[in-house]
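# Structural overview for review
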Amino acid sequence: METSSEGSVEDGGGVPVPVSVPEAAVVGSDGAQAPQSVVIAPSGLSPSRAGDFMQCPLLYRFRVIDRLPEKPSEAATRGTLVHAVLERLFDAPAAERTAPRAKSLIPAQWDRLRESRPEIGELFADDPEGERLARWLAEAEQLVERWFTLEDPTRLEPAERELFVEAELESGLRLRGIIDRVDVAPTGEVRIVDYKTGKAPRPEFAEGALFQMKFYALVVWRLKGVVPRRLQLVYLGSGDVLTYDPVLADLERVERKLHALWEAIQRATESGDWRPRPTKLCGWCDHQAHCPEFGGTPPPYPLPVRAAESAAGEQGRMGPD
Ligand code: SF4
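About the criteria used
- Residues numbered from 1 in each chain as written.
- Predicted model: local features only at pLDDT ≥ 70, side-chain atom pairs only at ≥ 80, totals over all residues.
- Near = placed C-beta within 6 Å.
- Nonpolar A, V, L, I, M, F, W, Y, C, P; charged D, E, K, R; others polar.
- Helix = DSSP H or I, 4+ residues; strand = E, 2+ residues; numbered from the N terminus.
- pLDDT = per-residue confidence, 0-100.
- Contact = placed C-beta atoms within 7 Å.
- Buried ≥ 20, exposed ≤ 12 C-beta atoms within 10 Å, placed from the backbone.
- Pairing = 2+ DSSP bridges.
- Right-handed = clockwise from strand over helix to strand, strands pointing away.
- Core = buried A, V, L, I, M, F, W, Y, C linked by C-beta atoms within 7 Å.
- Expected span 1.5 Å × (residues − 1).
- Axes fitted to C-alpha atoms, helices over the stretch in contact; angles between N-to-C directions.
- Parallel < 35°, antiparallel > 145°, perpendicular 65-115°, else oblique.
- Left-handed = near helix turned anticlockwise from the far one by under 90°.

## Things to note about unusual backbone geometry
- For Arg 67, which is not glycine, the phi dihedral falls at a positive 50 degrees.
- Phi at Glu 162 is positive, roughly 50 degrees, even though this residue is not glycine.

Structure below.
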């Protein structure tokens, strides 16, 4: 499960690799000493962070390297809440996995979420009467209820829920993520399921949605040597289920794509050259104040930067005599 407007858990996109912190990272632009933070270089990929880089390299930098804070959003938080409810419902015996039971889990899961992530309290700070919160909770209920029109949890016995997976490819690239649900048939066939609280994409955008699922399928294949039989996206926002039955060639293609992406990320990490790529998705970006496309200035780059010439030299290119 990945953090997105659909709501899921952040996985950080990489095993932290502490590096030396250059002065720029600890001294503010006004010369004041800022609290020193651990600066990390990316060391692996998750579907969310791979998606960030494909959307906008600068956004990736802000999230993974600068780790700039982002405000919680109602949509993402609702997604997290709904995911928690659907996961916990499977604690109950099969016959008791009903819609009323699922909805009854919402208040306790909401309390748990607020306790574990106090910043979520900001979301409804300006709602003293609780009207907006009540609407928001009712929307979460609707999403939970819709799930029962798409799947029947009394007939499901997940092998795994909220499964953290991590695999290292032969190249050393580490892939990781959290899978909402894994079902294993008596025949041993594996189905990977992801819940989305948004609406299903139009057919021409389905490939983008499936990327995350193929990423997980690749990780499972590399870990277990088994190609999942089915990938299933359950869209609670629109009541759609999107499925795809991958073949080995799909996973090999995704692996090649991820290697290319990772090389681009490493080049940008070393050079400090993270280009903004403005799209209509900028409207959802929390970092416009730091983005040159919106008149902002990124914070000082906190990692060591390799000069372009030396990087080229190490790659064996001929320089001028
Ligand atoms: S505002 Fe747009 S271009 Fe700028 S960092 Fe965010 S996504 Fe990238």
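## Things to note about the site of the ligand
- Around the ligand, a shell composed of 13 residues is seen, among which Cys 56, Pro 276, Cys 282, Cys 285 and Cys 291 lie nearest.
- Residue classes in the shell around the ligand are distributed as nine nonpolar, two polar and two charged.

## Topic: the environment of Ser 271
- Mapped onto the elements, Ser 271 comes out in helix H9 (residues 248-271).
- Residues Ser 271 and Val 305, spaced 34 residues apart in sequence, show a C-alpha to C-alpha distance of 5.2 Å.

## What to know about the confidence of the model for the chain
- A residue-level look at the chain finds 83% of positions with pLDDT of 70 or above and a mean pLDDT of 86.
- Counted against residues more than four places away or in other chains, residues 1-36, with its pLDDT under 50, gives 88 contacts.
- Of the regions scoring below 50 in pLDDT, residues 310-321 engages in six contacts with residues more than four places distant in sequence or in other chains.

## A short note on the pairing of strand E6 (residues 190-196)
- Of all seven residues in E6, six are buried, a share of seventy percent or more.
- Across four bridges, the pairing between strand E5 (residues 174-184) and E6 is antiparallel. Residue pairing in the sheet places Asp 183 in a bridge with Arg 191 of E6.
- The loop that links E5 with its antiparallel partner E6 comprises five residues; one of these, Gly 188, has a positive phi angle of about 95 degrees.
- One crossover worth recording links E6 to the parallel strand E7 (residues 230-235) by way of helix H8 (residues 206-224), and it is right-handed.

## Description of the nonpolar core
- Membership of the largest hydrophobic core comes to 54 residues, with the highest contact counts inside it found for Val 82, Val 85, Ile 192, Tyr 216, Ala 217, Leu 218 and Val 220.
- Ranked by the residues each element gives to this core, the list is headed by H8, at nine residues.
- Dropping the residues within four chain positions of it, Tyr 216 is found in contact with Val 165, Gly 177, Ile 179 and Ile 192.

## Quick word on helix H4 (residues 74-89)
- Taking 1.5 Å per residue as the helical rise, H4 with its 16 residues ought to reach 22 Å, and the 22 Å between its terminal C-alpha atoms agrees with that figure.
- For H4, the tally of buried residues reaches 12 of 16 residues, placing the bulk of the element in the interior.
- Taken together, the buried positions of H4 are Ala 76, Thr 77, Arg 78, Gly 79, Thr 80, Leu 81, Val 82, His 83, Ala 84, Val 85, Leu 86 and Leu 89.
- Where H4 is buried, its residues contact helix H5 (99-104), helix H6 (106-116), helix H7 (131-150), E5 and E6.

## So, the packing of H4 against H7
- Put simply, H4 and H7 touch, their axes get as near as 10 Å, and they point 45 degrees apart. In this view, H4 runs oblique relative to H7, as classed from their interaxial angle. Of the two elements, H4 crosses H7, and the hand of that crossing is right-handed. Between H4 and H7, the residues in contact are Glu 74, Arg 78, Leu 81, Val 82, Val 85 and Leu 86 and Trp 136, Glu 139, Ala 140, Leu 143, Val 144 and Trp 147, respectively.
- Grouping the amino acids of the contact of H4 with H7 by side-chain chemistry returns nine nonpolar, no polar and three charged.

## Considerations on the packing of H4 against H6
- For the pair H4 and H6, the least separation of the axes is 9 Å and the interaxial angle reads 125 degrees. The angle between H4 and H6 places the two elements in the oblique class. Handedness of the H4/H6 crossing: right-handed. For the pair H4 and H6, contact is made by Thr 80, Leu 81, Ala 84, Val 85 and Arg 88 and by Ile 106, Gln 109, Trp 110 and Leu 113, respectively.
- Per-class residue counts for the contact of H4 with H6 are six nonpolar, two polar and one charged.

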